[in-house]
Amino acid sequence: MAKCKVCDKEFETDRQLHAHLKAHKLRVVGYYQSQYPRHDRQDGKIIKFKTKEQYFNDDFNTRTNLKNWIKSAPKEEVREYCKNLLVKRKKKKELEYAPTQVELRTLLIPPIQCYNDLFGDYYSLCEELGLKNKHSNSEEIISGSEYKKPGYKIYIDTREKKPLRFKDVETETRTLKFGDYAFSDEAASCKCYIERKSTSDFIGTLSGGYDRFCKEIERAQQANAGFVILVEETLNNCLSFNYLPHVYKKGTRVTPEYLFHNVRKLSQAYPFIQFLFVKGRVEAAETVKKIFTSGCVFKKIDLQLAYDRKKL
Ligand SMILES: [Zn+2]
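In what follows, the accompanying structure is described. Everything numeric in this text was worked out from a predicted model, so none of it was measured. (Residues numbered from 1 in each chain as written. Predicted model: local features only at pLDDT ≥ 70, side-chain atom pairs only at ≥ 80, totals over all residues. Heavy atoms only, no water.)

Side note on the overall build of the protein chain
A tally of regular secondary structure across the protein chain gives 15 helices and 8 strands. Expressed as lengths along the three principal axes of its C-alpha atoms, the size of the protein chain is roughly 75 × 45 × 35 Å. The 312 residues of the protein chain split such that 47% are buried. In the protein chain, 61% of the contacts between residues at least 6 apart in sequence involve partners at least 24 apart. Accessible surface computed for the protein chain: about 16,800 Å², of which carbon and sulfur atoms make up 49%. The average position of the 58 basic charges and that of the 42 acidic charges among the side chains of the protein chain differ by 5 Å. (Helix = DSSP H or I, 4+ residues; strand = E, 2+ residues; numbered from the N terminus. Buried < 20%, exposed > 50% of the residue type's maximum accessible area, 1.4 Å probe, protein only. Contact = heavy atoms within 4.5 Å. Areas by Shrake-Rupley, 256 points an atom, 1.4 Å probe, with all protein chains shown as cover. Lys, Arg positive; Asp, Glu negative; His and termini not counted. Charge placed at Lys NZ, Arg CZ, Asp CG, Glu CD.)

Have a look at this one:
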């Protein structure tokens, strides 16, 4: 049941209410912002309206405002607020696992480093809140030296169209059942497979190619493999890809919100996969090498967090 706040008329659905607003010469945005005003906690401006759910959920208009509020508000209030963000998220989305760095950074929730600062250890807090941990705040650094022995090779899938160039590592082209890159010694790399994506591959896979991508992930799952989706673009750029001229195609209806909604859904549904966003192809190649030659460290840590902390 939805009631019009202007004239008290009742409607079965929001949709009907929204259609009725024309009678008051009101648009949906204007209706909610005038009848249910909500303001950004940091700068006091009205919360931007995209959807009703988002409007009533958001306390800030931007992550920058959230960040600045965390810096300036009383610490106890900040702790309570940040903890509650996780509680709310868990309940609303029925989360099973502690959100990853990518999940947090694509929502109006602070990153893991901020939780570590406020609570000592993000993962302990998550456990306390009833979330399962896939990773830990391990100080183990992905060094890439542990398994740097002669004879190791990086396999590149035959279908990989734009192979990365690796310095000082032998490569071999092979047909892989999933992913684009694998290591010649499966035991040493904990059976890690890496799928490389350009920004436009990433957009295509997480929208129209979604079902096919799920099948690929399931093949990796059945083979008991590790699976890293490595995007050769920074997370911030991917979050605003609709402003990147070389990526954005006129008429595309896919939004970053939609893509990252799918990323978060996959991260919860398939706990063995990780998304990692790095700056450009040179860093992508370095990262592949480090992940393959660091034993199984990639399974224990959140790769995006390690990258953000410059430990990867
Ligand atoms: Zn009305």
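Topic: the coordination of the zinc ion
Around the zinc ion, the protein contributes the donor atoms Cys4 (SG), Cys7 (SG), His20 (NE2) and His24 (NE2), at 2.0 to 2.3 Å from the metal centre. If you look at the zinc ion, its 4 donor atoms make angles of 101 to 116 degrees with each other, and the shape they trace is tetrahedral. Donor residues for the zinc ion, ordered by position in the chain, follow C-x2-C-x12-H-x3-H. Of this pair, Cys4 sits in the loop between strand S1 (2–3) and strand S2 (10–11) while His24 sits in the loop between helix H1 (14–20) and helix H2 (28–35), and the two are 20 residues apart along the sequence. On the basis of relative accessibility, which here comes to 27%, the residue His24 falls in the partly exposed class. (Donors = N, O, S within 2.8 Å, 3.2 Å for Na, K, Ca; no water. Tetrahedral: all angles 85-135°; square planar, octahedral: opposite > 155°, others 65-115°.)

Quick look at the pairing of strand S7 (residues 226–231)
In terms of burial, S7 is largely enclosed, as 6 of its 6 residues are buried. What you see with S7 is no split at all: Gly226, Val228 and Leu230 on one side and Phe227, Ile229 and Val231 on the other are buried throughout. Looking at chain direction, strand S6 (residues 192–197) and S7 are connected through 6 bridges and run parallel. What sits directly across from Lys197, in S7, is Val231. Taken together, the 5 bridges between S7 and strand S8 (residues 273–277) define a ladder with parallel strand orientation. (Pairing = 2+ DSSP bridges.)

Some thoughts on the environment of Arg281
By the secondary structure assignment, Arg281 is in helix H13 (residues 280–292). Apart from the residues within four sequence positions on either side, Arg281 is in contact with Lys162, Pro163, Leu164, Arg196 and Glu232. Engagement of the side chain of Arg281 in a polar contact is seen with the backbone oxygen of Lys162, the distance being 2.9 Å. (Polar contact = N/O pair within 3.5 Å; in protein donor to acceptor, adjacent residues only side chain to side chain.)

Concerning the pattern of salt bridges
On inspection of all chains with the given rule, the structure shows 16 salt bridges. As a salt-bridge pair, Lys52 and Asp14 come within 3.0 Å of each other at their nearest N and O atoms. Taken together, the positions of Lys52 in helix H3 (residues 52–57) and Asp14 in helix H1 put the pair 38 residues apart, joining distant regions of the chain. Residue classification places Lys52 among the partly exposed residues on the basis of a relative accessible area of 31%. On the basis of relative accessible area, Asp14 is assigned to the partly exposed category, the value being 28%. Among the salt bridges present, the one from Arg159 reaches Asp157, with a minimum N-O distance of 3.0 Å. Take Arg159: its relative accessible area is 54%, and that puts it in the exposed class. You can call Asp157 buried: its relative accessible area is 3%. Here the residues in one salt-bridge network are Glu160, Arg196, Glu232 and Arg281, joined through shared partners. (Salt bridge = Lys/Arg side-chain N within 4 Å of Asp/Glu carboxyl O.)

Remarks on the state of the cysteines
Enumeration over the complete set of coordinates arrives at 1 disulfide. Residue pairing for Cys190: its cysteine sulfur links by disulfide to Cys296, the two sulfurs lying 1.9 Å apart. One disulfide, between Cys190 and Cys296, carries an S-S torsion of 95 degrees and so falls in the right-handed class. Of this pair, Cys190 sits in the loop between strand S5 (181–183) and S6 while Cys296 is found in the loop between H13 and helix H14 (297–300), placing the two residues 106 residues apart along the sequence. The partly exposed category is assigned to Cys296, whose relative accessible area is 23%. Cys238 takes part in no disulfide bond, and the closest cysteine sulfur to it belongs to Cys214, at a distance of 19 Å. Cys238 gets classed as buried once you look at its relative accessible area, which sits at 1%. (Disulfide = S-S within 2.5 Å.)

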